[in-house]
Amino acid sequence: MVEVTNLRVNYLDSPIGIEDIFQVGWQMRSDRRSVRQKSYRLQIAENDFASPVYDSGEVMSGDSANITVPVDIPLNSVSAYRIRVKATAEDGDCTPWHESKFVTALLNNSEWRAEFITIETEEDKGDARSSYLNKSIEISSSVKSAYLLSTALGVYHVYINGQKAGDDQMAPGWTSYNKHLLYQIYDVKELLKPGENTLSGFVNAGWYKGKMGFVGLKNHYGTRAAFSCELHLEYENGERCVIRTDGTWQGAWGPVVYSDIYDGELYDARLENTEKWQAVSQAAFDTSVLAAQAGCRVRVHERLPVKEIITTPEGDTVLDFGQNLTGWVEFTVQGNEGDEVRLQCFEVLDSRGNVYLDNLRSAKQKLTYICKDGAQATYHAYFTFQGFRYVKVISWPGGINAKSFTACAVYSNMPVTGSFTCSNPLLNQLQSNIHWGMKGNFLDVPTDCPQRDERLGWTGDAQIFCRTASFLMDTYTFFRKWLRDLAADQTDEGGVPHVVPDILIGKSSSDRIMRDGEHSAAAWADASIIVPWTMYLAYGDKDILRRQYESMKAWLGFMRAHAVDGIWNYKLQFGDWVALDAEEGSYFGATPNDLTCTAYYAYSTGLFAKIARILGRADDAETYGKLYEQIVASYQKHFFDESGRLNVQTQTAQIVTLHFGLAPEAYRKNVADDLIKLLKKENGHLVTGFVGTPYFCFALSENDHTKEAYELLLKEDYPSWLYQVKAGATTIWEHWDGIKPDGTMWSADMNSFNHYAYGAVGDWLYRVAAGIDTAEDGPGYQHILLAPHIGGGLTEVDAKLQSSYGQLRSHWRVSGDVVTLEADIPCNAYATISLPGAAELLDGGGLDFDGFSAKTGSGRYTIRYRL
Ligand code: BGC
C-alpha cells in the first residue's frame, strides 16, 4: 500500500489567502520499508480537473517537499482552487489522487479599493475606545461564494448579522504596519441570508495606536484606529460584485470603553445596542503594503478550568488556573445594572502566598465588566491579552463559583509537530514548561514575555529559541511573517532593531539602557541570519533564504563596517544577558562584549557563506567564506593565549568558542577542559545567560562530555532548569534566580515567569538526548540523523516529530546495559542511524550496520545494542 497525504500549499492546510504559490508539499505513507517516490503529477483546477489551470505532467523526481510551480499559472484573485497530486513509488506502485484546496487572495494590491474608515479624530489619539463601522447591504439572489477580506489599523473583529466571521483573535496581528499590513480572508457564505444583512467592523487601538513599549509611548503607527474590508460576492447566476468600506458606512462608539495591551479592558454592557450612528471619515493608508495572511492567525486554543480558589493571608480571593499562560479569563456573570466585575491577572504568589504584582511593572492587567441588567452574560477581552496563572477577584456580584471562569490560552495557530517524554517526571514537566513558554510568547510575534509592559518581539530571544520552537510546532509561517518585518525595519545601514516590529529606534532616549544603542546587538541582530537558516534546516525551504538574502547581507555589511581588525563591537550590547556571573544587581554577564560580538560575527558570516553557496551565489560564497576565515583568525589571535587557552575564563566564553567551532583544533580540548573546570568551580552549576545557556549542553556533548551535559541538565538545586520545576514553575523563568531558594525574588523591575529563552535547552533534549536531527545535505529532515545519546539515568525517551515528510520517531529504552531503539523514518526521507556509546550490536533490525552506523530508507526499525 502506498498513498499520498497532507497535501499543503505554502506549508498550510487548505489555506485561504494565497498570493503566490511558493511551495507545495505532500507526504507519502506506506506499510513497506524504503519507499521513495519515483515521479509525481500535480494539478490545479478552478472547477474541474478536466481543464486544469496547471498540470505538471509526470515529473520524474523523488521530491515531495518544497515543490515549486511556475509563477505564471493563470490564477484569479479571490477564487477557490482544487489541487491534487498522485505519485509513483520507485517500485512502480502508484498512489490514487489526493486532493486539497486553497483560495487565492488579491493577486495585486492595486485591486484593494476599500477605504480605511473611522469615526476617530485627532482628539481621540490618546484614547483606546472601541467603535463599530457598519453597513447594511442587500443580498438579492442566491450566493455561490462570499469572501470577506478585512483588516484594520488597530485590532478588529468583523461580524455579519452579529455573528463573528472566522475565529481569529487580535487580528490583523502586529506588523510594521506602515510597511506591511496583513489582511484576513473569511469564507462567509454561511453567514449571509437573502435580503438585508449587516456588515460590521469592531475596532480598537491595539498595537497600532495604543501604548506600547517600556517607555510608555502611544501612537507608534498612527493616531486613529480604522477599519477596511471588501466583501467579494459571486451569485449563482454568475454575477459578481464587491462591497467595500467607504463614506456610505456609519460608525458608532462601542461598549469597550477602554482597551490596552498592557493594562486590560473596560467593558460597559450598558452601552450595548445604544449606538448613536454617525458619519465616518477616511483614514489615509498606503494599500500597496497590504499582504494576505493565509495562515498562522491567532486563535483560542486550550481552555482551562479553575484548579483552586484561594484566600490569601491578606484576604484576597484568587483563582488559580494551575498553569501560567497567555490569553484571557472568560467568565459568565449575572448582575444587576451597574454591578461590576473587576479582575486582576498576575503570574505568581509571593513567598507568603499573597498576590504579587510588582513584576508587571506598569502593566495593570485588569479587566472590568459592568453589567447591564439581570441577564446572564459571557465575556472575555476583545482587544487585549494577559499573561497569568492567577486571577484576583476584586469585585464580583454574588458568590464566586469556580465554574463561572475559564482561562483561555490565545496564540498563533501552529500545528503541534513535536513531542518528548521520558522516564524522568521532572524533565517531562520541563518539557511542558518549554512548550507552554512557547505558546505564551507566540502570539503573532515572538515576544520576550506576555505580562509586563514589554511583550515585544525581542530578536535575541527569538533567535535563541527558534530551533526548539520549530521542533515543537510548525513555525514556518510564523517566522516568515516576522522576518519580513525584520527586514523592513532594518536601518539604512543594515542595522537590526532590538525588537521587531521595531518601536524603539529613535524613541528610547529616556530609557537608561536603550539610550546607549537602539539597534544592532550581537546575538539579537543575528536573528536576521540565524532564524532564516533555522527555517531552512527545519523545513528545507530555500525560498526563505532567497527572500531574506538582502536583509542578511545588509546585517553582515553593518558588522563589517563597524569591525576593527576583525573584532566587532558596537554601542549597546546585551552580551551574555542576565547571566549569573554578572556583578550583583547587573543584567550584563561577565563575558566581555568583544568576545560575544566577534563570536557571533564569525558564526553569522559562516552561515551566510553557506547560504550563498546553497543559493548558487558563488561570488558571495567566496567573499564571505574568506571573511569568515579572517574573523576566526582574529578571534583566535585576540582571545587565545600562548598556552592555547582562552584569555576569558567564563563558562559562556568556552561554550560559544566550542559550539561555534572557533578554537584551533589543537586547542579544542583545552577549552573543553576549562569548561569542565569552570563548571566544577560552580559545583556543577551554570552561571550563564542568554548567550551561553542555549549551547551549554551542546558544547559538552559535542566534546565527549555527554555525561556532564546530562548532569547539568538534571541538576535539581539552584540554579538550574529543574530547580525552577521543583519550585513549581509551569513555564520558563527569565532569571535563574526569579525566585531564590529563600523565597525572595530577583528585582521586580525585570522578573518575568514566562520567558521562553532558557527553554532553548529543548533543542538538546530533541537533537541529542532523543537524537533527532537533520543533516545539512538533506535539510527539513529529508536526511535524518538519528543518534540517541543514552545517559542521565533515563530508562526511556520517546520523541516524535511530524516533519515535512511525515512522522519520525526515536524511542529508546534501557534495561541494564542493553538499549532497545525504535526508529520510524517516513517515506521519501532517509536516515543515518548511529549509536553513540554502543559497545556491541545485538540486533541491527535488518539494517546493514557498518560499526555502529547504518544508512536506511523509510520504515520502522528496532535495534538492540549493549552499552
Ligand atoms: C527582555 C529580554 C530582552 C532584553 C534585551 C528584556 O527586557 O525581556 O528578554 O532580550 O530585554 O535586553
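Structure first, text after, so check above.
The structure reproduced in this document is the subject of the present report. (Residues numbered from 1 in each chain as written. Predicted model: local features only at pLDDT ≥ 70, side-chain atom pairs only at ≥ 80, totals over all residues. Heavy atoms only, no water.)

1. A few points about the pattern of salt bridges
Reasoning step 1: Under the defined criterion, the tally for this structure stands at 51 salt bridges.
Reasoning step 2: Between aspartate 773 and arginine 467 there is a salt bridge, with its nearest N and O atoms 3.0 Å apart. In this pair, aspartate 773 is assigned in strand S39 (residues 772-774) and arginine 467 in helix H3 (residues 459-472), connecting sequence segments 306 residues apart. This pair shows no difference in class: aspartate 773 is buried, exactly as arginine 467 is.
Reasoning step 3: Close ionic contact of arginine 809 with glutamate 822 constitutes a salt bridge, the shortest N to O distance being 3.6 Å. Taken together, the positions of arginine 809 in strand S42 (residues 806-815) and glutamate 822 in strand S43 (residues 818-825) put the pair 13 residues apart, joining distant regions of the chain. Of the two residues, arginine 809 and glutamate 822, both sit in the buried class.
Reasoning step 4: Each of the salt bridges in this network shares a partner with another, and the network as a whole consists of Arg361, Asp448, Arg452, Asp453, Glu454 and Glu734. (Salt bridge = Lys/Arg side-chain N within 4 Å of Asp/Glu carboxyl O. Helix = DSSP H or I, 4+ residues; strand = E, 2+ residues; numbered from the N terminus. Buried < 20%, exposed > 50% of the residue type's maximum accessible area, 1.4 Å probe, protein only.)

2. Thoughts on the nonpolar core
Reasoning step 1: Counting residues in each nonpolar core, the largest one holds 237 residues, and the members touching the most others are Trp207, Leu430, Trp482, Leu713 and Trp721.
Reasoning step 2: In terms of residue count, helix H7 (residues 593-614) provides more of this core than any other element does, 11 residues in total.
Reasoning step 3: Look past the residues within four positions of tryptophan 482 in its chain and what remains in contact with it is Val445, Pro446, Gly457, Thr459, Ala462, Val500, Ala527 and Val531.
Reasoning step 4: Core analysis: the next-biggest nonpolar cluster, separate from the first, contains 29 residues, Ile117, Ile139, Ile160 and Leu199 among them. (Core = buried A, V, L, I, M, F, W, Y, C linked by side-chain atoms within 4.5 Å. Contact = heavy atoms within 4.5 Å.)

3. Description of the pairing of strand S14 (residues 181-187)
Reasoning step 1: The buried fraction of S14 is high, at six of seven residues.
Reasoning step 2: Pairing analysis gives four bridges linking strand S11 (residues 143-153) to S14, with the strands arranged antiparallel. Each residue of the ladder has a partner; that of leucine 148, found in S14, is tyrosine 186.
Reasoning step 3: One ladder, built from three bridges, connects S14 with strand S23 (residues 290-292); its direction is parallel. Bridging from a neighbouring strand, tyrosine 183 pairs with alanine 292 of S23. (Pairing = 2+ DSSP bridges.)

4. Some words on the packing of aromatic side chains
Reasoning step 1: Considering all chains together, one arrives at 67 aromatic pairs under this definition.
Reasoning step 2: Between the aromatic rings of tyrosine 723 and tryptophan 733, the centroid separation amounts to 6.2 Å while the plane-to-plane angle is 90°, which identifies the pairing as edge-to-face. Taken together, the residues span a long stretch of sequence, with tyrosine 723 in helix H13 (residues 721-726) and tryptophan 733 in the loop between H13 and helix H14 (762-769) at a distance of 10 residues.
Reasoning step 3: Using a relative accessible area of 9% as the deciding quantity, one classes tyrosine 723 as buried.
Reasoning step 4: For tryptophan 733, a relative accessible area of 3% corresponds to the buried category.
Reasoning step 5: Here the basic side chain of arginine 480 rests over the ring of phenylalanine 22, its NZ or CZ set 3.5 Å away from the ring centre.
Reasoning step 6: Lying across the ring of tyrosine 549, arginine 617 places its NZ or CZ 4.1 Å from the centre. (Phe/Tyr/Trp six-rings, centres within 6.5 Å; stacked < 30°, edge-to-face > 60°. Lys NZ or Arg CZ within 6 Å of the ring centre and 35° of its normal.)

5. Focus on the site of the ligand
Reasoning step 1: All residues in the neighbourhood of the ligand are listed as Asp448, Arg452, Glu454, Trp458, Asp461, Trp524, Phe574, Trp577, Phe690, Glu734, Met750 and His755.
Reasoning step 2: Between the ligand and tryptophan 524 there is a distance of 2.9 Å, counted from an oxygen atom to a side-chain nitrogen or oxygen.
Reasoning step 3: One of the side-chain N or O atoms of histidine 755 is found 2.9 Å from an oxygen atom in the ligand.
Reasoning step 4: Coverage of the ligand by the protein amounts to 97% of the 310 Å² it exposes when considered alone.
Reasoning step 5: Taken together, the residues of the shell around the ligand sort by class into six nonpolar, one polar and five charged. (Near = heavy atom within 4 Å. Polar contact = N/O pair within 3.5 Å; in protein donor to acceptor, adjacent residues only side chain to side chain. Areas by Shrake-Rupley, 256 points an atom, 1.4 Å probe, with all protein chains shown as cover. Nonpolar A, V, L, I, M, F, W, Y, C, P; charged D, E, K, R; others polar.)

6. Some details on the environment of isoleucine 400
Reasoning step 1: Structurally, the position occupied by isoleucine 400 is in the loop between strand S32 (386-395) and strand S33 (405-412).
Reasoning step 2: Once the C-alpha coordinates of isoleucine 400 and leucine 319 are considered, the two residues, 81 residues apart in sequence, prove to be 9.9 Å apart.
Reasoning step 3: Dropping the residues within four chain positions of it, isoleucine 400 is found in contact with Ile309, Thr317, Leu319, Val393 and Phe405.

7. Considerations on the sheet that holds strand S18 (residues 250-253)
Reasoning step 1: If you trace the six strands from one edge of the open sheet to the other, you get S13-S12-S15-S10-S18-S21, paired in antiparallel fashion. In the strand order of this sheet, the two ends are held by strand S13 (163-164) and strand S21 (278-279), each with one partner.
Reasoning step 2: Direction of pairing for strand S10 (residues 131-139) relative to S18: antiparallel, over a ladder of four bridges. Note that in S18 the partner of tyrosine 132 across the bridge is alanine 252.

What is shown is where atoms sit, not what they do.
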